[in-house]
Amino acid sequence: MKTALLASCLLASTAFAQTREIFPSDYTPSACPAQTACESWTQVSFKSAATHFVLRTLESEWNDKHKDELYELVKPYCPKRATCLGSPGRMWWFCNDVYTQELRQICDRMYDQKTDLHNWEQCRVWIETYADGVDQHPHNDWFAAQACIKEKLGPAPPLGKMDWWMVPATIPIDYKGQIELYAIDQKTHVPVQAQIAFQDQILYSRDCPDGKVTAYYAFEWPRKLVRIPNADGHTEVLPAMMTLTAPGYEPVATRVPTPVPKMLASISAPLHSGKNKFVVTTTDESTGKPVEAQIFAGSGTIGMSNTPIELTVGKNDPRPEIWARSPFDAYSDVVVAKAQKKQR
C-alpha cells in the first residue's frame, strides 16, 4: 500500500463491523509459503519511519513501552501472509494489504477508540509503520513462492471456487457510504484477489493500488437497478448483476444484495364503455409516499399517476389493460386493471 494511502487511512474509525475473519484462521497453509519472515524496519527507527513514511508522529515513550507486546501480537499473522504470497493469482501488494487490514484489528481489540483515543491512535501509527516497513522489502520471496506453486500445480490446475460476503451485507436504498467485499477460496479459505464488475457500470476504487474494484478494498457503488422483461409481457426492475473474477477460479455472477422498492397502484373507478374519468394512485409500499409513474392503456400512454385521467372506451371495444410504469426505472411495472377478454 502506498504511503499516501496509509496516511489517509490511518486515523479513520473502523468503517465496517466485521462479524467474521477476513482471513479465516482455519486456512490451509500453502505448499510454497514465502520464506522471508515479516521483517520490518531495520535501518531506521520506528519513530523516524513513522514521520517520513507514514507521515504521523510516533511518541518515543509510547513505542518503548508497547513495542515488545506489539511485536508478539503481529507474529501470528506472518504465516498467513506467507501463505497468501505462496498462493497463485495473488499479487504481493494484495497480500500485504490484507495483512495490514488484519493487523489494524489488533489496535481495535486493545483500545476503545471512543474512550482511549490517544493509545488507539498511537497503536495504529505503530501498526501502519510496521506494515509499511514489511511492504518496503524486496519481493524476491513472492517471486520464488509463485514460481514454486506454479510448478507444483502444473500447467492446467482445476478451477477453484470462491465464497464471498459483503459489508454491509445488504446495501440500503439510500446508502451513500463505502462498501467492502471479501472473497476466499472455498477449500483453503485463503483470500482471493477477485476483481468485481457491475452491470452497465464502470467503477474504480481509490484504495486499490491499480484502481480496479477488487475484493478487500473499499469502493462506492452508485445504486443501479436494471429493467428486464417478465412473463406477463411487462418489465420488472432488479438489482444490477455483479461478477467476481480471479485467475484460476470459476466466475461468480450474482445480483447486488440491495432491496428493490415496490410500487402500489390502484384505480379510483372501474372502466366502462363510454367516457371514463379516474385517478391512478401510485405510492411506495415502504414509505407510503406518492410515486411518479406513467399510466398506459394497452400500449399507449394516457397520462400520469396521481392526476385526473380521461379515457373513452368504445361501446363495442374491450376494456384495455391499465398499467403503470416508473419513468426512472425505480419500480417494476404494475397492472392496475386487467384487460377485458374479447368475446368470441
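Everything numeric in this text was worked out from a predicted model, so none of it was measured. (Residues numbered from 1 in each chain as written. Predicted model: local features only at pLDDT ≥ 70, side-chain atom pairs only at ≥ 80, totals over all residues. Heavy atoms only, no water.)

Trainee: Please set out the overall build of the protein chain residue by residue, giving values where relevant.
Mentor: A count of helices and strands for the protein chain gives seven helices and 14 strands. Over its C-alpha trace the protein chain gives a radius of gyration of 28 Å, far above what one expects of a compact globule, namely 20 Å for 344 residues. Looking at the protein chain as a whole, 44% of its 344 residues qualify as buried. Counting contacts in the protein chain only where the partners sit at least 6 residues apart, residues at least 24 apart contribute 64% of the total. For the protein chain, the centre of its 36 positive side-chain charges and the centre of its 39 negative side-chain charges are spaced 10 Å apart. (Helix = DSSP H or I, 4+ residues; strand = E, 2+ residues; numbered from the N terminus. Rg over C-alpha atoms; globule rule 2.2 N^0.38 Å. Buried < 20%, exposed > 50% of the residue type's maximum accessible area, 1.4 Å probe, protein only. Contact = heavy atoms within 4.5 Å. Lys, Arg positive; Asp, Glu negative; His and termini not counted. Charge placed at Lys NZ, Arg CZ, Asp CG, Glu CD.)

Trainee: Please provide a residue-by-residue account of the packing of helix H5 (residues 92-110) against helix H6 (residues 117-136), values included.
Mentor: The contact between H5 and H6 brings their axes to 9 Å, and the two run at 160°. In terms of orientation, H5 and H6 fall into the roughly antiparallel class. For H5 against H6, the interelement crossing comes out right-handed. Of the residues in H6, those in contact with Trp 92, Asn 96, Tyr 99, Thr 100, Leu 103, Arg 104, Ile 106, Cys 107, Asp 108 and Met 110 of H5 are Trp 120, Cys 123, Arg 124, Ile 127, Glu 128, Tyr 130, Ala 131, Val 134 and Asp 135. Across the contact of H5 with H6, the residue classes tally to 12 nonpolar, two polar and five charged. (Axes fitted to C-alpha atoms, helices over the stretch in contact; angles between N-to-C directions. Parallel < 35°, antiparallel > 145°, perpendicular 65-115°, else oblique. Left-handed = near helix turned anticlockwise from the far one by under 90°. Nonpolar A, V, L, I, M, F, W, Y, C, P; charged D, E, K, R; others polar.)

Trainee: So what's going on with helix H3 (residues 60-74)? Residues and values would help.
Mentor: Compared with an ideal rise of 1.5 Å per residue, which puts 15 residues at 21 Å, H3 spans 20 Å between its outermost C-alpha atoms and is within 8% of the ideal. Residue His 66 marks the point of greatest curvature in H3, where the axis turns by about 50°. Along H3, the residues that are buried comprise Trp 62, Asn 63, His 66, Leu 70 and Val 74. Buried residues along H3 sit against helix H2 (46-54), helix H4 (78-85), H5 and H6. (Expected span 1.5 Å × (residues − 1). Bend = angle between axes of the 7 residues up to and from the residue.)

Trainee: Can you explain H2? Please cite residues and give values.
Mentor: All buried positions along H2 are accounted for by Phe 46, Ala 49, Ala 50 and Val 54. The buried side chains of H2 occupy one side of the element, clustering within an arc of 105° when seen end-on. One or two steps after H2, the chain reaches Leu 55, where phi turns positive at roughly 65°. (Arc of directions from axis to C-beta.)

Trainee: Residues and numbers for the packing of aromatic side chains, please.
Mentor: A full pass over the atoms with the stated rule returns 15 aromatic pairs. Geometrically, the ring pair formed by Trp 142 and Phe 143 is edge-to-face, given 4.8 Å between the ring centres and 65° between the ring planes. Assessed through its relative accessible area of 10%, Trp 142 is described here as buried. A relative accessible area of 52% means that Phe 143 is categorised as exposed. Consider the rings of Phe 198 and Phe 219, whose centres lie 5.8 Å apart with planes at 50°: the pair is tilted. One end of the pair, Phe 198, is in strand S3 (residues 195-198); the other, Phe 219, is in the loop between S3 and strand S4 (225-229), and 21 residues separate them in sequence. Ring pairing ties together the aromatic residues Phe 46, Tyr 71, Trp 126 and Tyr 130, which thus form one cluster. Directly above the ring of Trp 165 sits Arg 20, whose terminal nitrogen or CZ lies 3.6 Å from the centroid. (Phe/Tyr/Trp six-rings, centres within 6.5 Å; stacked < 30°, edge-to-face > 60°. Lys NZ or Arg CZ within 6 Å of the ring centre and 35° of its normal.)

Trainee: Could you give me a rundown of the state of the cysteines, with the residues and numbers involved?
Mentor: Within this structure, the stated rule accounts for three disulfides. The connectivity of the disulfide-linked cysteines in the protein chain, indexed sequentially, is 1-6, 2-3, 4-5. (Disulfide = S-S within 2.5 Å.)

Trainee: An account of the pattern of salt bridges is needed here, citing residue identities and associated values.
Mentor: Considering all chains together, one arrives at 10 salt bridges under this definition. Between Lys 80 and Glu 21 there is a salt bridge; the shortest N-O distance is 3.9 Å. One end of the pair, Lys 80, is in helix H4; the other, Glu 21, is in the loop between helix H1 (3-10) and H2, with 59 residues separating them in the sequence. For Lys 80, a relative accessible area of 6% corresponds to the buried category. Of the residues examined, Glu 21 reaches a relative accessible area of 39% and is grouped as partly exposed. The partner of Asp 333 in a salt bridge is Arg 227, with the nearest N and O atoms 3.1 Å apart. One end of the pair, Asp 333, is in the loop between strand S13 (322-325) and strand S14 (334-337); the other, Arg 227, is in strand S4, and 106 residues separate them in sequence. Residue classification places Arg 227 among the partly exposed positions, given a relative accessible area of 21%. Residues participating in the shared-partner salt-bridge network are Arg 227, Arg 325, Asp 329 and Asp 333. (Salt bridge = Lys/Arg side-chain N within 4 Å of Asp/Glu carboxyl O.)

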